[in-house]
Every structure is written in C-alpha cells, then in structure tokens.
Amino acid sequence: MSYHKPDFRHPDLSKNELGYTRADYEGAISSLCAGCGHDSISGAIVRACHELSLPPHSIAKMSGIGCSSKTPNYWLGGSHGFNSVHGRMPSVATGAAMANRDLLYLGVSGDGDTASIGMGQFAHVIRRNLNMVYIVMNNGCYGLTKGQDSATSDEGSASKKGDPNPFESIDLAGLALQMGATFVARSFSGDKDQLVPLIKAAAAHRGFALIDVISPCVTFNNTGSSTKSYEFVREHHAATGTVDFIPLKSEITANYRPGFTHEVTMHDGSTIHLHKMDEELDPFDRISAQDLLEKHRRLGSVLTGLIYLNKESRDLHEVLETTKKPLNGLSAEDLCPGNKLLQSINASLR
Ligand SMILES: Cc1ncc(C[n+]2csc(CCOP(=O)(O)OP(=O)(O)O)c2C)c(N)n1
C-alpha cells in the first residue's frame, strides 16, 4: 500500500542549485515498520541527491523484491524506476544502462535479493563494471517473508524466533572485492554522516559502486543475539576513516594532516577526501582492503567506510566502446554509415 503525503511544506526549506527542496526528492510515505533501518537509508539517499543537485529525471531507481526493494517508492518520486523480479535487478539495470548511458542508475537490493537468489546476477554485474550505484540494505534476514535467516547472517547470530545460524556468512564487501568491484564501501543505516558522503562518492564513480549498508530489521532481527542489530553494530563498529565529498566547482577548503588524507578526483571532476584513514589500509590496493576486512571479520567487528577505490576504473561502456549517445537519440545517419563505407566493409570480408 502506498500513502500520499500532504503537499504542504515549510516555506523556508532550503533550496539546492536547481531550486528544489529536499521534499522534491522524497516519494510516498513509507509503509515499513517504525524504526526500520531501510527508512534511514532512504533518508540518506534523499539527502545525497538533494545536496548533489541531481535533476530527479536524470536518475533511474532500480530494485528487485523485498522490503528493501520497495523503498524506491519512498524516495525520488519524480525519477524513473523499475521494480524488477527477485534477484534480477542487475540484468534489468544492465539493459537500461546500455540503452541510455546518460542516467544515474541507483539500485537498491536486500541481502536475500543479492546474496541468495540474485547471487549470480550480482557477481556478473560487478565483473562487467556496470556504471551504477548498488546499495544493499543488509538486515541479515528475509524481512518481507517474515525473517528467515539470510546468507549474510553471521554464524551464531539468532533472529527473534530462530535458532543460532550454523553457517558462515557471505561478506558482500569481500565478495565484491574478489569479483573485481571498483568501488567498495560499507556503512550503517544509523550513521547518516558517513553514509551520505559515501552515496555521493559512489554516484560520482564511473563503474560499479557497492555500498553494503547494515540495516537492522526491528521486527525480526534486532535481538541481543543478532549481529545485525542496532546494539551490536553500535558496539562493534570500526571505521576505515571519514569521507568528504566536494562537488565539481566547489572551493576545496578542507585541510587535513598530510599522510592521513587521500584526495581523489573523480571522473566528473568532483573530489573526495578520505581522511583519518586506518594506518593499515591503502584504499587503492585491493589486497590491503581484503586483509583489513578479514582482520575485522576475525575480530567480530564491522568495518565501515570506503574500503576500496580503483581510480583507473573503466566502465562497461568504455570497455565495449559503445556509442556516446542514448540509443533513442541516434538518428538515421548515426545508424547507417552510408553506402561507400558499407561497400568497403563488405570488400574487406571477401
Ligand atoms: C522468485 C521468488 N522467490 C521467492 C520470493 C519470495 N520472497 C519475496 S521477498 C524475499 C526475501 C527478501 O529478503 P531480502 O532480499 O533480504 O529483503 P528484505 O525484505 O529483508 O529487505 C523472498 C524470499 C519471490 N518474491 N520471488
């Protein structure tokens, strides 16, 4: 069920460069449970898109099935969207992105949607380095179907009505690194100060950008014995460092201690500052990122922040050398090279 919000908004809401308020980036009222981590992530997406002054019509919201995949209904009401089949969002996103490279593809998925039924699709969209932001709302359970353990549930973790999970969990950030992801981050739904700049940086990245966001399920998986509960994550949380995002054209005034800060210019000319980085992490080195993830896994702590960034990322369009224009913008002249060229191609094949 979706609800409509009243149109009235405070007249002094701040406007972005496009003249839009944050309310212009919202959607319908959420029908998720009160306190659901997914709603906080929705709020972070709204804030990031508003602060980046992204035109809502330049964004395509992609999702599969689950409570998480319902959330695009609650944000960016003026954007394009496709709520696809369980675990199949990556192939729908691939088709859309190949047809129109000019949109920002903002995908959301659940841990079941990604790490169980959609695992094959997830692996291949990473391998192809599709230019998209892929946010996993990771609650360690199948929320929509009443809280069964998922593949990201940690060993020994127990949901409200379940026994302790006997299986090793899949670490989506580690898996993404192994599959060759070019941007890997993790965050916590309760930490918007960390999550919002990560979403902005992911949007500026050209290639596949994963943000695995721990998002407690208040109804089925927020118990004292769950490792995806608010309490556990707050107490076992270690950040790689903090991230600032500086959009193109903005003056850079930040001044951090040398050696602790990395400044990265993104493809679109914007800048991210990674500062106060963990001394053990080189965020541009896959092995270093994998080692630190593994170390925290053994310690039982949740490593958040930007974990890995490949500055030389080449997205699927670059690799395949596709046309620079969206397909619906191609004219007959673009599509037909002309008789002379066709003759020479034919001759070269004889
Ligand atoms: C092909 C198919 N299989 C099973 C289902 C039933 N189903 C719907 S949502 C869901 C799991 C959702 O869990 P998750 O992706 O973690 O999202 P959450 O609801 O926790 O946000 C399942 C198994 C389905 N809709 N389609």
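See the structure printed just above.
Please read all numbers here as calculations on a predicted model, not as lab measurements.

Participant: Break down the overall build of the protein for me, citing the residues and quoting the values.
Facilitator: Along the protein, the regular secondary structure elements total twelve helices and 13 strands. Taken along the three principal axes of its C-alpha coordinates, the protein extends 75 × 50 × 45 Å. A burial count over the protein gives 49% of its 350 residues as buried. In the protein, 70% of the contacts between residues at least 6 apart in sequence involve partners at least 24 apart. When the accessible surface of the protein is totalled, it reaches about 16,900 Å², and 52% of it is carbon and sulfur. Distance between charge centroids for the protein: 5 Å, based on 33 positive and 38 negative side chains.

Participant: Give a detailed account of the pairing of strand S7 (residues 183-188), specifying residues and quantitative values.
Facilitator: Burial of S7 is extensive: six of the six residues sit out of reach of the surface. Burial of the side chains of S7 extends over both faces: Phe183, Ala185 and Ser187 are buried on one face and Val184, Arg186 and Phe188 on the other. Handedness of the β-α-β unit built from S7, helix H7 (residues 192-204) and strand S8 (residues 208-214) comes out right-handed. Here four bridges tie S7 to strand S13 (residues 302-309), and the two strands are oriented antiparallel to one another. Its bridge partner being in S13, arginine 186 is matched across the sheet by glycine 305.

Participant: Give me the site of the ligand: which residues, what numbers.
Facilitator: As a matter of local geometry, the ligand sits amid 17 residues, with Cys67, Ser68, Gly112, Asp113 and Gly143 nearest to it. Residue aspartate 113 places a main-chain N or O atom 2.7 Å away from an oxygen atom belonging to the ligand. When the ligand sits alone it has 590 Å² of accessible area, and the protein chains cover 73% of it. Secondary structure elements with two or more residues in the shell around the ligand: helix H2 (67-70), helix H4 (111-115) and strand S5 (141-142). The class makeup of the residues in the shell around the ligand is six nonpolar, nine polar and two charged.

Participant: Could you give me a rundown of the sheet that holds S7, with the residues and numbers involved?
Facilitator: One open sheet accounts for eight strands, arranged S2-S1-S3-S4-S8-S7-S13-S9; its pairing is mixed. Sheet topology places strand S2 (80-83) and strand S9 (237-239) at the edges, where each strand pairs with a single neighbour. The mean angle between the axes of side-by-side strands here comes to 20°, regardless of whether they run parallel or antiparallel. Inspection of the sheet shows strand S1 (residues 59-63) paired to S2 by four bridges, in the parallel sense.

Participant: Let's hear about the packing of helix H1 (residues 37-51) against H7: which residues, and what values?
Facilitator: In a packed pair of helices, the relevant descriptors are the angle between the two axes and the axis-to-axis distance. Viewed as axis vectors pointing N to C, H1 and H7 meet at an angle of 50°, and their least axial separation amounts to 9 Å. As judged from the angle between their axes, H1 and H7 are oblique. By crossing handedness, the relation of H1 to H7 is classed as right-handed. For the pair formed by H1 and H7, the contact residues are Ser40, Ile41, Gly43, Ala44, Ile45, Arg47, Ala48 and Glu51 on the first element and Lys192, Asp193, Leu195, Val196, Ile199 and Lys200 on the second.

Participant: Explain the side chain of serine 288 to me, and be specific about the residues and the numbers.
Facilitator: By the element assignment, serine 288 lies in helix H9 (residues 286-299). Assessed through its relative accessible area of 11%, serine 288 is described here as buried. At 3.4 Å, the side chain of serine 288 and the backbone oxygen of glutamate 280 are in polar contact. Ignoring anything within four residues of it in the chain, the contact list for serine 288 reads Glu280, Leu281 and Asp282.

Conventions we followed
Residues numbered from 1 in each chain as written. Predicted model: local features only at pLDDT ≥ 70, side-chain atom pairs only at ≥ 80, totals over all residues. Heavy atoms only, no water. Helix = DSSP H or I, 4+ residues; strand = E, 2+ residues; numbered from the N terminus. Buried < 20%, exposed > 50% of the residue type's maximum accessible area, 1.4 Å probe, protein only. Contact = heavy atoms within 4.5 Å. Areas by Shrake-Rupley, 256 points an atom, 1.4 Å probe, with all protein chains shown as cover. Lys, Arg positive; Asp, Glu negative; His and termini not counted. Charge placed at Lys NZ, Arg CZ, Asp CG, Glu CD. Right-handed = clockwise from strand over helix to strand, strands pointing away. Pairing = 2+ DSSP bridges. Near = heavy atom within 4 Å. Polar contact = N/O pair within 3.5 Å; in protein donor to acceptor, adjacent residues only side chain to side chain. Nonpolar A, V, L, I, M, F, W, Y, C, P; charged D, E, K, R; others polar. Axes fitted to C-alpha atoms, helices over the stretch in contact; angles between N-to-C directions. Parallel < 35°, antiparallel > 145°, perpendicular 65-115°, else oblique. Left-handed = near helix turned anticlockwise from the far one by under 90°.

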